[in-house]
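Observations on the model geometry
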2 protein chains.
Amino acid sequence: MDKEEILYIIKNNLIGNNKLKLLLADVNTVDIAEIFEEVDRETVIRLFRILPKPLASDVFAYIESDNQQIIIEALTDTEIGEIMRGLFMDDAVDFIEEMPANVVNRVLQNVTGEKRKLINQILQYPDDSAGSIMTTEYVFLYEDDTVKEAFDTIRNTGVNKETIYTCYVIRKNRLLLGVVSAKDLMLALPHQRIKEIMYANPIFAGTTDDREIIADQFQKYGLIAMPVVDKEQRLVGIITVDDIVDVIVEENTEDIEKMGALAPSSEPYLKTGVFKLSKNRIVWLLILMISATFTGIIITNFEAKMVALPILMVFIPLLMDTGGNAGAQTSTLIIRGMAVGEISPKDIFRILWKEIRVALLCGFGLGIVNFIWVFAVYGQNLMLSIAVTVTLYSTLIIAKMLGSVLPIFARRVKIDPAIMAAPMITTIVDALSLIIYFMIASAILGL
Amino acid sequence: MDKEEILYIIKNNLIGNNKLKLLLADVNTVDIAEIFEEVDRETVIRLFRILPKPLASDVFAYIESDNQQIIIEALTDTEIGEIMRGLFMDDAVDFIEEMPANVVNRVLQNVTGEKRKLINQILQYPDDSAGSIMTTEYVFLYEDDTVKEAFDTIRNTGVNKETIYTCYVIRKNRLLLGVVSAKDLMLALPHQRIKEIMYANPIFAGTTDDREIIADQFQKYGLIAMPVVDKEQRLVGIITVDDIVDVIVEENTEDIEKMGALAPSSEPYLKTGVFKLSKNRIVWLLILMISATFTGIIITNFEAKMVALPILMVFIPLLMDTGGNAGAQTSTLIIRGMAVGEISPKDIFRILWKEIRVALLCGFGLGIVNFIWVFAVYGQNLMLSIAVTVTLYSTLIIAKMLGSVLPIFARRVKIDPAIMAAPMITTIVDALSLIIYFMIASAILGL
């Protein structure tokens, strides 16, 4: 039975709670959580109470924060304690981060002292750090354990761990010595010692490492989990690949937003308020508007020439837009290339050499079309056609150069290259294209 | 020892092959593969020959295709056979796809008939389908197997499987019945039957399903592997999360490229030729250039008015740029929101209502700055200041409307919404902003 059918049954109260319970037993946890998003407040609470205890925590982790709050406010202290016991640390922290202070206090009063300490510690890691996305439920083994003992440990503790497929080998003081995969364990002999089969050079993260760099490493090495250590190399948590997939998508969204002249936001669009949305946009709009006034000043200086030959005005949008687009194309490729690690600042001369040739080729195609159009439509004026076409060609070359150089320069001076995307490049190229236009027009047309 | 040090040792021939072999034994496979990218042709071949056999195939899978070709051309038929035996099916197919016909023939002559058949079959799946990214090395169990038998199966066959953490339960005719995780197996009793502990409703893909949709499901459900079935529900392969991470990054790159008015390309920038780069750009540049001529035509119609009041020209770049940027901001959010599944076409009225209010708010801020600037700098001309500011305000509202509607409209008519990003929106808004400008200026300034 799919989600829509179950939703229909719930909304129309077609079956009793016991039957509904049986029905939900066969539905994926994530799909159950989605059902919560589409029912009213009372049903949210009723539905949550029907869920069997172990399933309740799993579902709770996937429910959106506004409904999490509704549920918590309807539960008793004991029930809250049960939910919290069933939550993995990363899900518990994600949930608490979104709650108002009074809910947080009530939740923290109903967890064990040890868990409270851990939650508070993780809450203090910076937003984009390894510490903030790690969880603390992992299987640890000691180097002198045998494979048989390791299996016993997994059997006794594994059911509450986020992954058992990588086990972490530590000293008594939690110093990380190595990792051993469940695969290695299954293929080993029962009496072998962990230290004989463990891998001693695992890739690991520090608690304050940037989550974007960690995501790159997951991708590069094809990892499914990574240990996180503190400054003394003691194991404090693990990061699992499902969270990394979310990080990659979020980081890409941030990049795309920056490239669209928006302050990045981690909230979904439909849940963001109008003031927040406006705030995320107005700064860049203002900066770019003020920059565009310089282009206006350029026009002021050439007003007399345009009044003398008004047809010059006609080609301004075409030259500005084409230059802007050409520059945006290049900067898009360079910014993305740097983001995925395919391009580094040292490649600048190779890039410039490529872009000059691309500009010459594209300029040739565009130039022919443009020349024919200007010549045919605007009174077969040869000199005018030449002036516009030469400007187009020159603008294209300069736009492609700037599209290459500016993102790399930004990276060099530690500014995010994404701000050198379409909007900024367009604004800069607009001004330059007009200067070139008026210079070339003056020279060729003798104004 | 890190990669740079080893590279230094290799380049300067500081140690013999045997010592080098020992050194490489401690280096991660992926890092060894990277070393191949930075040495010359002869060293590529020498280095590959000193790798121990099982490691050789693993490293080969990560080497870039130009070096893969160099290696294959230097190997004997027997050696090629050995490498191919060690490659997982997905890596084998990725490798073969990049090779010229003569290399492909030689490679296929040196694999078993069964493997050749499989490779040919996978090569036929469309580029973006589940079939093209799946691999065929998985552990399968039968429903009547006991847990003990399952462990024996894993021990006997698991070493050559891409993942053993999810095992697939099938009938003799390969019909997929369910999945059982290694975790379930480890926590079960030896005499339990697989059918008692398996999960019978796994999320699965069809061979021709779009890989982007599969990636969304990996993200939604936090999967580490997914079975792929044919039309008769028979298991033909699995997709693992490491490949999905690559898919997500590639699909995001494609989206970003489309949003930057580029034909998407799967090749890294630095490895793409100048002709290919130009081809990926010129089509959009031409389309947008021709569109911009319409904006020129609008100016032609108002030429006389601008000659009468040349100062009107000064504000054209500002109005065009700000409108374009405001529209691009909105379309960026809507396109990304649809790509990650947060926004669907049915939300259009909620979006429009949000955007109108955002436009009013942003317009208020920009309008004040703009009014003061025009009034102060351009001769304290009240009517002119009002005309420019009202145009700015109107343009902003229209730009935000178009930025919402056009991507959603594109999705509705099954065009990729990403083409309605900054470049296209800017071009359209440019034309509209000028029309508004001239209408408002005519009305307010009585031209």
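What you see is a predicted model; the values in this text were computed from it and never measured.

A short note on the sheet that holds strand β5 (residues 225-229) of chain B
All names here are of chain B. Strand order across the open sheet formed by three strands is β4-β5-β6, with mixed pairing between neighbours. Looking at the sheet topology across the chains shown, the edges are occupied by β4 (205-206) and β6 (235-240). Across two bridges, the pairing between β4 and β5 is parallel. Looking at β5, one finds that G206 is bridged to V229.

Things to note about the pattern of salt bridges
A full pass over the atoms with the stated rule returns 38 salt bridges over all chains. For D31(B), the salt bridge goes to K220(A), with nearest N and O atoms at 3.3 Å. Of this pair, D31(B) sits in helix α3 (residues 29-36) while K220(A) sits in helix α15 (residues 211-221), which puts the two residues in different chains. According to the relative accessible area criterion, D31(B) is buried, its value standing at 15%. Judged by its relative accessible area of 30%, K220(A) is partly exposed. R49(B) is the salt-bridge partner of E79(B), the closest N and O atoms lying 2.6 Å from each other. Of this pair, E79(B) sits in helix α7 (residues 77-86) while R49(B) sits in helix α4 (residues 41-50), placing them 30 residues apart in sequence. One salt-bridge network, in which partners are shared between bridges, spans D128(A), R211(A), E250(A) and E251(A).

Side note on α7(B)
Residue and element names in this part refer to chain B. Within α7 the residues assigned to the buried category are I80, G81, I83 and M84. Viewed along the axis of α7, the buried residues span an arc of 165°, placing them on a single side of the element. For α7, the exposed residues lying more than 90 degrees away from the buried face are T78 and R85. Buried residues belonging to α7 abut α4, α5 (53-62), α6 (65-74), α8 (89-97), α9 (101-109) and α10 (113-123).

Describing the interface of chain B and chain A
Listed per partner, the contact involves 110 residues of chain B and 111 residues of chain A. Taken as a group, M186(B), Y269(B) and L270(B) account for 8% of the area that chain B buries against chain A, more than any other trio of residues on that side. For the pair chain B and chain A, the number of links is six salt bridges. Applying the counting criterion to the chain B and chain A interface returns 30 residue pairs in polar contact (both at pLDDT 80 or more).

What about unusual backbone geometry?
All names here are of chain B. Phi angles above zero are rare outside glycine, and Q233 is one such case at about 65°. Its place among the elements puts Q233 in the loop between β5 and β6. Accessibility expressed as a relative area gives 35% for Q233, which makes it partly exposed. Unlike most non-glycine residues, A261 shows phi in positive territory, near 60°. Tracing the backbone through its elements, the reader meets A261 in the loop between α16 (241-259) and α17 (274-308).

Some details on the nonpolar core
Residues F36(A), F48(A), M84(A), F36(B), F48(B) and M84(B) are the most contacted members of the largest nonpolar core, which totals 128 residues. Sequence-distant contacts of M84(A), that is, excluding residues within four places in its chain, are made with A92(A), F95(A), I96(A), V107(A), V111(A), K115(A) and I119(A). Counting 113 residues, the second-largest nonpolar core is a separate cluster that includes L277(A), A292(A), L262(B) and A399(B).

Details of a negative patch on the surface
Residues and elements named next belong to chain A. There is a patch of like negative charges on the surface, built from D94, E97, E98 and D127. Structurally, the position occupied by D127 is in the loop between α10 (113-123) and α11 (130-133). For D127, a relative accessible area of 62% puts it in the exposed group.

Side note on the sheet that holds strand β4 (residues 205-206) of chain A
Within the open sheet, the three strands sit side by side as β4-β5-β6 (chain A). Their pairing is mixed. With one partner strand each, in any of the chains shown, β4 and β6 (235-240) of chain A form the two edges of the open sheet.

Here's the deal with the packing of helix α21 (residues 382-412) of chain B against helix α22 (residues 422-445) of chain B
Two packed helices can be described by the angle between their axes and the distance between those axes. Residues and elements named next belong to chain B. α22 packs onto α21 with a crossing angle of 150° between their chain directions and a minimal axis gap of 9 Å. By the angle between their directions, the pair α21 and α22 is classed as roughly antiparallel. Handedness of the α21/α22 crossing: right-handed. In terms of residue class, the contact of α21 with α22 is built from 20 nonpolar, five polar and no charged.

Notes on the packing of aromatic side chains
Applying the stated criterion to the full structure yields 25 aromatic pairs over all chains. For the ring pair F48(B) and F60(B), a centre distance of 5.9 Å and an interplane angle of 65° mean the geometry is edge-to-face. Note that F48(B) is positioned in helix α4 and F60(B) in helix α5, a separation of twelve residues in sequence. We classify F60(B) as buried; its relative accessible area is 0%. With centroids separated by 4.9 Å and ring planes inclined at 80°, the aromatic side chains of F60(B) and F95(B) adopt a geometry described as edge-to-face. Within this pair, whereas F60(B) is found in helix α5, its partner F95(B) is found in helix α8, the two being separated by 35 residues in sequence. Of the aromatic side chains, those joined through ring pairs into one cluster are F36(A), F48(A), F60(A) and F95(A). The cationic tip of R174(A) hangs over the ring face of F140(A); the distance from NZ or CZ to the ring centre is 4.9 Å. Directly above the ring of Y142(B) sits K172(B), whose terminal nitrogen or CZ lies 3.9 Å from the centroid.

The rules behind each value
Residues take numbers from 1 onward in each chain, read along the sequence in its written order. Just so you know, chain letters begin at A and ligand numbers begin at 1, following the order they were written in. Local features in this predicted model are restricted to residues of pLDDT 70 or higher, and side-chain atom pairs are both shown and tallied only at a pLDDT of 80 or more, whereas totals for entire chains, interfaces and linings draw on every residue. Think of the side-chain values as coming from all heavy atoms in the structure, minus any hydrogens and water. Only strands joined by at least two bridges in the DSSP assignment are considered to pair. Put simply, DSSP H or I for four residues or longer makes a helix, DSSP E for two residues or longer makes a strand, and each gets a number counted from the N terminus. Note on definitions: salt bridges are taken to be side-chain nitrogens of Lys or Arg within 4 Å of carboxyl oxygens of Asp or Glu. Burial here depends on accessible area, computed with a 1.4 Å probe over protein chains only, as a share of the maximum for the residue type. Under 20% is buried, over 50% is exposed, and the range in between is partly exposed. This arc describes the spread of directions from the helix axis toward the C-beta atoms. Working rule for contacts: check all heavy atoms of both residues, and any pair within 4.5 Å makes them a contact. Accessible area that two parts lose when put together, with a 1.4 Å probe and added across both, is what the buried area reports. Throughout this description, a polar contact denotes any pair of N or O atoms lying within 3.5 Å of each other; where both atoms belong to protein, one of them has to be capable of donating a hydrogen while the other can accept it, and for residues adjacent in sequence the pair is counted only when both atoms sit in side chains. Only buried Ala, Val, Leu, Ile, Met, Phe, Trp, Tyr and Cys residues count toward a nonpolar core, and they belong to the same one when joined by side-chain atoms within 4.5 Å. Think of a patch as exposed residues, more than 30% relative accessible area, with no salt bridge, where like charges cluster within 9 Å and nonpolar side chains (Val, Leu, Ile, Met, Phe, Trp, Tyr) cluster within 5 Å. Areas reported here follow the Shrake-Rupley algorithm with a probe of radius 1.4 Å; residue values treat only the protein chains shown as occluding. Charge assignment in this entry is limited to Lys and Arg as positive and Asp and Glu as negative, and neither His nor the chain termini are counted. Positions of charges follow a simple convention, taking NZ of Lys, CZ of Arg, CG of Asp or CD of Glu. As a rule, the C-alpha atoms of each element are fitted with a line to give its axis, helices using only the stretch in contact, and angles between N-to-C directions run from 0 to 180 degrees. To sort the angles, those under 35 degrees are grouped as roughly parallel, those over 145 as roughly antiparallel, those from 65 to 115 as roughly perpendicular, and the leftovers as oblique. Two helices cross in a left-handed way if the nearer one is turned anticlockwise from the farther one by less than a right angle. They cross in a right-handed way if the turn is clockwise. In this classification, Asp, Glu, Lys and Arg are treated as charged, Ala, Val, Leu, Ile, Met, Phe, Trp, Tyr, Cys and Pro as nonpolar, and every other residue, Gly included, as polar. Pairs were defined over the aromatic rings of Phe, Tyr and Trp, the Trp ring being its six-membered one, requiring ring centres within 6.5 Å. Orientation was assigned from the angle between planes: stacked under 30 degrees, edge-to-face over 60, tilted for the rest. When the NZ atom of lysine or the CZ atom of arginine is within 6 Å of a ring's centre and also within 35 degrees of its normal, the charge is said to sit over that ring.

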